Amino acid sequence: DISEIYPQSGGIMTVIAMTREIGARGSDVAAGLAERLGLEIVHHELVEHDIAERTGLSEDEVHRHLEGEAFLIERITLDKRRLSRYTAQEILELAAKDNVLIRGWGATYLLRMIPHVVCVRICAPIAYRERTLIERLSLSGPVAAQREIAHSDAAHNGMMQRLFGVDWQDPTLYAAVLNTARIPVCECIELIARLTKSIAFRDTPQSRQVLSDQLVRERVRVALDRRFGSSALHSGMDAHVRDGSVLLIGATTDEQLIVEAVRCAQGIEGVTAVESQIRHIAFVPHDS
């Protein structure tokens, strides 16, 4: 039932996903949009806190992984696929709350196919970003600003590559790419606000269902991963969701796992029905 995902559905949904280059004044655009449209800005601390709770990691560990600063032993032991799924679920849960502006954390990639979500990128030439950082951070000069820019850009693109295998500079991930060196912040705010009100990004029962189905899929994936751990990954177990109905796919040598997977999926919020197409493969031992 879609009402389980949207308990207060009926109003107009406004969801904006944004990436911003450091020094491009994206935080000013986000703050202006939040004030103009009555949105909650989701900061990275909230995302890291919630992911930490889901994964059992500390917030510091999550932050280091997402920023590409994890210690060697952390990089070796962490299941990046698992972190990617937990991050995806967290972003989709936030988007389903409505009236939010989510900055970073792969939100523009994860939400790019949701019809009513406006995905935007705020950028600017290096010289403009240097001037902004020198002014705001009281840096000593362009060289210090360049170090800040290089570190931030590498961290953001590295996170997108590690978790989702995409380049955050790819313009096809966004509905709009705005250069604040050419378009003043106030006009960027106006342009994005107009997009949220346009027919192209109007929320409909169908667009909400798309978001609901993606969220349910990630809930099921995470639940299967928690229940079966690496066995679910090794069997290639996955889920497709349409209108709340879950189709489980994959293969396993354990027939009981198939039964347990169906029961696991049936208990997930938003699931209306479960069908299994998980294939049972007979285990044939090698001759000794």
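The shown structure was predicted, so the numbers you read here are calculated from the model rather than taken from an experiment. (Residues numbered from 1 in each chain as written. Predicted model: local features only at pLDDT ≥ 70, side-chain atom pairs only at ≥ 80, totals over all residues. Heavy atoms only, no water.)

Helix length check: helix H11 (residues 205–228), at 24 residues, gives a terminal C-alpha distance of 34 Å against a target of 34 Å (1.5 Å per residue), a fit within 8%. Of all 24 residues in H11, 17 are buried; the element is thus mostly enclosed. (Helix = DSSP H or I, 4+ residues; strand = E, 2+ residues; numbered from the N terminus. Expected span 1.5 Å × (residues − 1). Buried < 20%, exposed > 50% of the residue type's maximum accessible area, 1.4 Å probe, protein only.)

Per-residue confidence for the protein gives a mean pLDDT of 84, with 81% of residues at or over 70. At the level of individual helices and strands, the protein shows its lowest average pLDDT in helix H5 (residues 72–77), which scores 47, and its highest in strand E5 (residues 176–179), which scores 97. This stretch, residues 6–10, has a pLDDT under 50; its non-local contacts, to residues over four places away or in other chains, come to seven contacts. (pLDDT = per-residue confidence, 0-100. Contact = heavy atoms within 4.5 Å.)

The final tally for this structure, using the stated rule, is one aromatic pair. A centroid spacing of 5.4 Å and a plane angle of 35° characterise the contact between Tyr109 and Phe164, whose relative ring orientation is tilted. One end of the pair, Tyr109, is in helix H7 (residues 107–110); the other, Phe164, is in helix H9 (residues 142–164), and 55 residues separate them in sequence. The exposure class of Phe164 is buried, given its relative accessible area of 14%. Here the basic side chain of Arg121 rests over the ring of Trp168, its NZ or CZ set 4.4 Å away from the ring centre. (Phe/Tyr/Trp six-rings, centres within 6.5 Å; stacked < 30°, edge-to-face > 60°. Lys NZ or Arg CZ within 6 Å of the ring centre and 35° of its normal.)

On to the side chain of Asp213, then. Tracing the backbone through its elements, the reader meets Asp213 in helix H11. There is no salt bridge for the buried Asp213, and the closest opposite charge comes from Arg242, which lies 6.5 Å off by N-O distance. (Lys, Arg positive; Asp, Glu negative; His and termini not counted. Salt bridge = Lys/Arg side-chain N within 4 Å of Asp/Glu carboxyl O.)

Looking at the secondary structure, you find Arg221 in helix H11. Judged by relative accessible area, which is 16%, Arg221 ranks as buried. In terms of polar contacts, Arg221 uses its side chain to reach the side chain of Glu218, at 3.0 Å. In this structure Arg221 touches Arg85 and Asp238, once residues within four positions along its chain are discounted. (Polar contact = N/O pair within 3.5 Å; in protein donor to acceptor, adjacent residues only side chain to side chain.)

In space, the three strands of this open sheet follow the order E6-E7-E8, with mixed pairing throughout. Of all strands in the sheet, those bounded by a partner on one side alone are strand E6 (238–242) and strand E8 (273–280). On average, adjacent strands in this sheet sit at an angle of 15° to one another, irrespective of strand direction. Of the strands in this sheet, E6 and strand E7 (245–252) are in contact with H11, which crosses E6 at around 155°. In this fold helix H13 (residues 255–266) packs onto E7 and E8, with an angle of close to 160° to the strand it touches most, E8. (Pairing = 2+ DSSP bridges. Axes fitted to C-alpha atoms, helices over the stretch in contact; angles between N-to-C directions.)

Bringing the pairing of E6 into the picture now. Direction of pairing for E6 relative to E7: antiparallel, over a ladder of five bridges. Across the sheet, residue Val241 finds its bridge partner in E7, namely Val246.

So, on to the pattern of salt bridges. Counted under the stated rule, the structure contains 13 salt bridges. For Asp238, the salt bridge is made with Arg221, and the minimal N-O distance between the two is 2.8 Å. Within this pair, whereas Asp238 is found in strand E6, its partner Arg221 is found in helix H11, the two being separated by 17 residues in sequence. Note on accessibility: Asp238 and Arg221 belong to one class, buried. What you see here is one network of salt bridges that share partners, running through Glu21, Arg121, Arg129 and Asp153.

What follows covers helix H10 (residues 185–197). End to end, H10 covers 19 Å across 13 residues, agreeing with the expected 18 Å (1.5 Å per residue, within 8%). Buried within H10 we find Val185, Cys188, Ile189, Ile192, Ala193 and Thr196. Seen from one end, H10 has its buried residues packed into an arc of 130°, which puts them on one side. Those residues of H10 that are exposed and aimed more than 90 degrees away from the buried face are Cys186, Arg194 and Lys197. (Arc of directions from axis to C-beta.)

Before going further, it helps to spend a moment on the pairing of strand E1 (residues 15–20). The buried count for E1 comes to five of six residues, which makes it a mostly enclosed element. Pairing geometry for E1 and strand E3 (residues 100–103), over four bridges, is parallel. Bridge assignment links Ile16 to a residue of E3, and that residue is Leu101.

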